[in-house]
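Coordinates in review
The residues making up each chain are set out below.
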Amino acid sequence: MVLELLMVAGVLLLAMPALVRGARGLRRRSRYYGRAVGADRVALVLVVAIQLLTLLLVAVLSLVVLVCAVGAIVRDLEMPGLVSVFFLLDLLLAALVVLTFGRPAPRRVRRRATPAAR
């Protein structure tokens, strides 16, 4: 029962916030994709498609782990071994999302104020 509770806590505390940050990061950077032309546009479409696929995979794995873990807690059943593999894969993909396109946008660099008039 402890393992199931740890899995539920891990999904709710790590994978779900990564999913939200990844969706925000995907939406935030999409306005820059309109400037691309030709081959750059194809590459950007491919990058966005891979990011969407990653977010979809994180969502599906999180849902499967939550349903199996909560079901095992409620019904007091033994959880299948593949669920722990799904849990680890979910955490790895969540880390991938946070470290790549789920990061906050870098702050704009301020110009230095010089005392000399130009």
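Described below are features of the structure shown in this document. (Residues numbered from 1 in each chain as written. Predicted model: local features only at pLDDT ≥ 70, side-chain atom pairs only at ≥ 80, totals over all residues. Heavy atoms only, no water.)

1. Considering the overall build of the chain
Counting its regular elements, the chain contains three helices and zero strands. Within the span of the chain, comprising 118 residues, buried residues form 27% of the whole. A total accessible area of about 8800 Å² is found for the chain, and carbon and sulfur atoms account for 69% of it. (Helix = DSSP H or I, 4+ residues; strand = E, 2+ residues; numbered from the N terminus. Buried < 20%, exposed > 50% of the residue type's maximum accessible area, 1.4 Å probe, protein only. Areas by Shrake-Rupley, 256 points an atom, 1.4 Å probe, with all protein chains shown as cover.)

2. Notes on the nonpolar core
Within the largest apolar cluster, 13 residues are counted, with the highest numbers of intra-cluster contacts made by Met7, Val11, Val65, Ala69, Met79, Val83 and Phe87. Of all the secondary-structure elements, those providing two or more residues to this core are helix H1 (2-29), helix H2 (39-75) and helix H3 (81-99). Looking at which element gives the most residues to this core, the answer is H1, with five residues. In this structure, Leu19, Val48, Leu61 and Val97 belong to the second largest nonpolar core, which totals nine residues. (Core = buried A, V, L, I, M, F, W, Y, C linked by side-chain atoms within 4.5 Å.)

3. Quick look at the environment of glycine 102
Examined against the element boundaries, glycine 102 turns out to sit in the segment after H3. The exposure class of glycine 102 is buried, given its relative accessible area of 4%. As a C-alpha pair, glycine 102 and glycine 22 span 80 residues in sequence and 4.2 Å in three-dimensional space. Among all residues touching glycine 102, those that are not within four sequence positions of it are Arg21, Gly22 and Val97. (Contact = heavy atoms within 4.5 Å.)

4. Quick look at unusual backbone geometry
Positioned with a positive phi, aspartate 76 is a non-glycine residue whose angle comes to about 55°. Taking relative accessible area as the criterion, aspartate 76 reaches 66% and is therefore assigned exposed.

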